[in-house]
Amino acid sequence: MNVAILDDDPYQRRLLCMLAESGGHRASCFESGAALLEAIARADAIDLLLLDWVMPGMSGEAVLRALRDGASPELPVIVVTSRDGEADVAGTLRQGADDYVVKPPKGLELLARIEALARRAGVGRSVPVRAGRFEVDLSRRAVLLDGREIVLTLKEFDLAAHLFRNPGALVTRAQLLESVWSVGPGPDTRTVDTHASRVRRKLGLDGSTGWTLQSVYGYGYRLVPA
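Not measured: the values here are computed from a predicted model.

Parameters at a glance
- Residues numbered from 1 in each chain as written.
- Predicted model: local features only at pLDDT ≥ 70, side-chain atom pairs only at ≥ 80, totals over all residues.
- Heavy atoms only, no water.
- Helix = DSSP H or I, 4+ residues; strand = E, 2+ residues; numbered from the N terminus.
- Rg over C-alpha atoms; globule rule 2.2 N^0.38 Å.
- Buried < 20%, exposed > 50% of the residue type's maximum accessible area, 1.4 Å probe, protein only.
- Contact = heavy atoms within 4.5 Å.
- Areas by Shrake-Rupley, 256 points an atom, 1.4 Å probe, with all protein chains shown as cover.
- Lys, Arg positive; Asp, Glu negative; His and termini not counted.
- Charge placed at Lys NZ, Arg CZ, Asp CG, Glu CD.
- Pairing = 2+ DSSP bridges.
- Axes fitted to C-alpha atoms, helices over the stretch in contact; angles between N-to-C directions.
- Parallel < 35°, antiparallel > 145°, perpendicular 65-115°, else oblique.
- Left-handed = near helix turned anticlockwise from the far one by under 90°.
- Nonpolar A, V, L, I, M, F, W, Y, C, P; charged D, E, K, R; others polar.
- Core = buried A, V, L, I, M, F, W, Y, C linked by side-chain atoms within 4.5 Å.

Asker: Account for the overall build of the chain, with residues named and values stated.
Answerer: Regarding its fold elements, the chain presents eight helices and 12 strands. For the chain, the C-alpha radius of gyration of 19 Å lies close to 17 Å, the compact-globule estimate for 226 residues. On the principal axes, the C-alpha backbone points of the chain span a range of 60 × 35 × 30 Å. For the chain, buried positions account for 45% of its 226 residues. Restricting to contacts in the chain with at least 6 residues of sequence separation, those with at least 24 account for 54%. When the accessible surface of the chain is summed, it comes to about 11,300 Å², and 51% of that surface belongs to carbon and sulfur atoms. Positive and negative side-chain charges in the chain, numbering 28 and 29 respectively, have mean positions lying 6 Å apart.

Laid out in structure tokens, this is it:
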């Protein structure tokens, strides 16, 4: 499940990112409401949002209002804030939040709330992607070859899932950095190449399993049927 995190404090963003990933989720971090809403407008796959309430510029209240007014009315939202007054909690829930967590969040409690809200909202139970002998189970975060699970790290799975969801597409390293690692493009893309090499080797994407992961010099990668 892709958990979006909106918080203007870089320390809090990193903390929430680490907590979400420790629960087996993918984390997409945003430092402004405008950036989050832009990602939603691009139809980026976001399953649940952890929303800071007090932010400069566009407040959490304004972001929630934009979501409920049409940007993404059904998106499950957990407000994560230092305000713990009864009126604050009641106010955010009345304005459309689904749950409320006080900072600093307790790791196990936050993960339990994420999972409980996901169950109630019916998110995180994606239909597996099937491609020949491969099955990519997005809910279990598992890749199976002929029914046998291949052991992958979290980032290797995210990379493999992105490629299998976009077969035949030429994907740039910059796009992979953003979608898999949630970071912008930089001069050093060796991380992408290293993970692509591991995924190619572990999944046998050399044609022997029916698929080939092609490296396009100076650009990125393409997953094509052998």
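Picking up where we left off.
Asker: Residues and numbers for the sheet that holds strand β11 (residues 211–216), please.
Answerer: Spatial strand order, β10-β12-β11: three strands in an open sheet with antiparallel pairing. The open sheet has two edge strands, β10 (170–172) and β11, and neither has a second partner. For this sheet the average axis-to-axis angle between neighbouring strands, irrespective of direction, equals 25 degrees. Pairing analysis gives three bridges linking β10 to strand β12 (residues 220–225), with the strands arranged antiparallel.

Asker: Tell me about the packing of helix α2 (residues 33–41) against helix α3 (residues 60–71), and name the residues and values.
Answerer: Following both chains from N to C, one finds α2 and α3 inclined at 20 degrees, their axes separated by 10 Å at the closest point. Looking at the two axes, α2 sits roughly parallel to α3. Along this stretch, α2 crosses α3, giving a crossing that reads as right-handed. Contacts between α2 and α3 involve G33, L36, L37 and I40 from the first element and V63, A66, L67 and A71 from the second. Each residue belonging to the contact of α2 with α3 can be placed in one class, and the counts come to seven nonpolar, one polar and no charged.

Asker: I'd like a description of the nonpolar core, backed by residues and values.
Answerer: Ranked by internal contacts, the top residues of the largest apolar core, which has 29 residues, are F134, V136, V143, F164, L203 and L205. When contributions to this core are tallied by element, the ones reaching two or more residues are β6 (129–131), β7 (134–137), β8 (142–145), α6 (154–165), α7 (173–180), α8 (190–203), β11 and β12. In terms of residues, this core owes the most to one element, α6, which gives six residues. Among the nonpolar cores identified, the runner-up in size contains 20 residues, and F30, I46, L49 and L64 belong to it.

Asker: Describe the sheet that holds strand β1 (residues 2–6), with residues and values.
Answerer: Each strand in a sheet pairs with its neighbour through backbone hydrogen bonds, running either in the same direction (parallel) or in the opposite one (antiparallel). With parallel pairing, the five strands of this open sheet are ordered in space as β2-β1-β3-β4-β5. The sheet is open, and its two borders are formed by β2 (26–30) and β5 (99–102), each paired with just one other strand. Between one strand axis and the next, the sheet turns by 20 degrees as a mean value, whatever way the strands run. In the sheet, β1 pairs with strand β3 (residues 48–51) via four bridges, with the strands oriented parallel. Bridge pairing in β3 links I5 to L50. This element, helix α5 (residues 107–121), spans β1, β3, β4 (77–81) and β5 of the sheet and lies at about 140 degrees to β3.

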